[in-house]
Amino acid sequence: MPYPEKFTGFQVNGPETWLEFNKNEFDPKPFGDYDVDVKIECCGVCGSDVHTISGGWGEQKFPLAVGHEIVGKAIRVGPKVTLIKEGQRVGVGAQSYSCLDCRQCKNDNETYCKHQLDTYGAVWPDTGIVSQGGYSSHVRTHEHWVFPIPDALPSTSAAPMLCAGLTVYSPLVRNGTGPGKKVGIVGLGGIGHFGILFAKALGAEVWAISRTHAKEADAKKMGADGFLATADKGWNEPHAMTFDLIVSTASSFEGFDLDAYLSLLDVHGKWISVGLPEGEGIKVRSQTFLSNGCFFGSSHLGSRRETLEMLQLAADKGIKPWVEEAPISDKKLAEILSRLHKNDVRYRFCLTNYAEQFGA
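Residues numbered from 1 in each chain as written. Predicted model: local features only at pLDDT ≥ 70, side-chain atom pairs only at ≥ 80, totals over all residues. Heavy atoms only, no water.

As recorded in an unreviewed UniProt entry, the protein chain goes by alcohol dehydrogenase (NADP(+)) and comes from Phialemonium atrogriseum. Here is the UniProt Subunit (unreviewed entry) comment for the protein chain, exactly as written: "Homodimer." (UniProt positions renumbered as here; feature names shortened; annotations may be inferred.)

This is the structure in structure tokens:
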């Protein structure tokens, strides 16, 4: 079979028609010495995909194929590639480039590199080519952002870890999650459910925090030690100043009482926000922090080192995310993206059957 000069993907033309997926050919960026081409086997569906194509996160570069939780086979490696071998099963997440030379990159903080590029929707320097994501036949990525998948992990379990999993794993490990720590996970969606799974695997006491009790049984099945529903009167009071860390994956700030959440933290406890709701956000007052001196911060994805550690932890501990599989097609994409927009998923979608659309 001749090697494809063009890749094929399901693209959206703009936010006005964000549920209309068109199967198009597109040009990948020129192949570089450190690049790896991956023939995609499956791809997770992320809330970021909806925010991007629906216009919720502002202007984007269309036509665009989204998707950044990719697993497939490395079918071509550049002459200077040392991290990946041709034929390996590999993954690609939400980031596909950083300079690897700045202070951040040299300190395992390459996801904070000012030159970082996203797997989809970014413009490759000196080419004008817009990066296209995993709703496609192939992806071309710098080797640093291509990750071997442990044999023990099924592809459809590994794929959602490459964005949703890493987004919560990084702040958990960077902020000391482990035995003897009490950790709260706000929001039980795609990212939040990984928060429970990973925090428990790391040895912490884990509490799920949600608006109602609707997902309490699910949280307990995932390993949560406790559950708080913010709709309950005085929900926070019995746990005031007892949490070491709270990671918020909240997708909405409607009716969000930040002071009540922060009151849960022990002295100098940390609140780390990884959810990115649309809109203006919430107001933060200095007075909020006075009673416990808590810290308020955020986190962006995670490093290569953290990604590899996360995948190995999942393999070693037998972590099984809650994934609903769906064969990729224009109609199926419209259906599941619409469902995700309505939060009708428990707790992550993963696209499969790529060979049926793009060939074996």
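## What about the overall build of the protein chain?
Regarding its fold elements, the protein chain presents 9 helices and 17 strands. Whereas a compact globule of 360 residues would reach a radius of gyration of roughly 21 Å, the protein chain reaches 20 Å, a difference of no more than 12%. For the protein chain, the share of sequence-separated contacts (at least 6 apart) that also reach a separation of at least 24 residues comes to 73%. Put simply, the protein chain shows about 15,800 Å² of open surface, and 48% of that area lies on carbon and sulfur atoms. (Helix = DSSP H or I, 4+ residues; strand = E, 2+ residues; numbered from the N terminus. Rg over C-alpha atoms; globule rule 2.2 N^0.38 Å. Contact = heavy atoms within 4.5 Å. Areas by Shrake-Rupley, 256 points an atom, 1.4 Å probe, with all protein chains shown as cover.)

## Details of the sheet that holds strand E15 (residues 295–298)
By way of backbone hydrogen bonds, the strands of a sheet pair with one another, either parallel or antiparallel. One open sheet accounts for 6 strands, arranged E12-E11-E10-E13-E14-E15; its pairing is parallel. Pairing within the sheet leaves two strands with one partner each, and these edge strands are strand E12 (226–229) and E15. The sheet shows a mean angle of 20° between the axes of neighbouring strands, taken without regard to direction. As defined by bridge partners, strand E10 (residues 182–186) adjoins strand E11 (residues 205–210) across 5 bridges and the pair is classed as parallel. (Pairing = 2+ DSSP bridges. Axes fitted to C-alpha atoms, helices over the stretch in contact; angles between N-to-C directions.)

## Points about the pairing of strand E14 (residues 265–273)
Bridge count for strand E13 (residues 243–248) against E14 is 5 bridges, and the pairing is parallel. From the neighbouring strand, Ser248 faces E14, where its bridge partner is Ser273. Here E14 pairs with E15 via 4 bridges, running parallel. The partner of Ser273 across the bridge, within E15, is Ser298.

## A few points about the pattern of salt bridges
This structure, assessed with the given rule, holds 15 salt bridges. Across the pair Lys6 and Asp27 runs a salt bridge whose closest N-O atoms are separated by 2.7 Å. On the criterion of sequence distance, the pair formed by Lys6 in the segment before strand E1 (7–11) and Asp27 in the loop between strand E2 (22–26) and strand E3 (35–45) is long-range, its members being 21 residues apart. The exposure class assigned to Asp27 is partly exposed, which follows from its relative accessible area of 43%. Where Arg346 meets Asp218, a salt bridge forms, and the shortest distance between an N and an O atom there is 3.1 Å. Highlighted residues: Arg346 in the loop between helix H8 (330–341) and strand E17 (348–352) and Asp218 in helix H5 (residues 216–222), separated in sequence by 128 residues. You can call Arg346 partly exposed: its relative accessible area is 43%. One connected set of salt bridges, linked through shared partners, spans Asp108, Arg305 and Glu309. (Salt bridge = Lys/Arg side-chain N within 4 Å of Asp/Glu carboxyl O. Buried < 20%, exposed > 50% of the residue type's maximum accessible area, 1.4 Å probe, protein only.)

## A short note on helix H3 (residues 155–174)
The axis of H3 is deflected most strongly, by about 55°, at Met161. Counting buried positions over the 20 residues of H3 gives 18, a clear majority of the element. Looking one or two residues beyond H3, the residue adopting positive phi is Gly176, at roughly 80°. (Bend = angle between axes of the 7 residues up to and from the residue.)

## Some points on empty space enclosed by the protein
A full pass over the atoms with the stated rule returns 2 cavities of 30 Å³ or more. Quantified by volume, the largest cavity comes out at close to 130 Å³. If you trace the largest cavity, you find 15 residues lining it, with Pro28, Trp124, Ser131, Gln132 and Arg140 closest to the centre. When residues of the lining of the largest cavity are assigned to their parent elements, the largest contribution, 3 residues, is made by strand E8 (residues 138–142). The residue inventory of the lining of the largest cavity, partitioned by class, reads 7 nonpolar, 5 polar and 3 charged. Taken together, Gly93, Ala94, Gln95, Trp145, Phe147, Leu162, Leu166, Leu301, Gly302 and Thr307 make up the full set of residues lining the second largest cavity. Considering only residue class, the lining of the second largest cavity consists of 6 nonpolar, 4 polar and no charged. (1 Å grid on protein atoms, 1.4 Å probe; cavity = no way out; pocket = protein on both sides within 12 Å on 5 of 7 lines; lining within 4 Å. Points joined across faces, edges and corners; volume = space filled by probe spheres on them. Nonpolar A, V, L, I, M, F, W, Y, C, P; charged D, E, K, R; others polar.)

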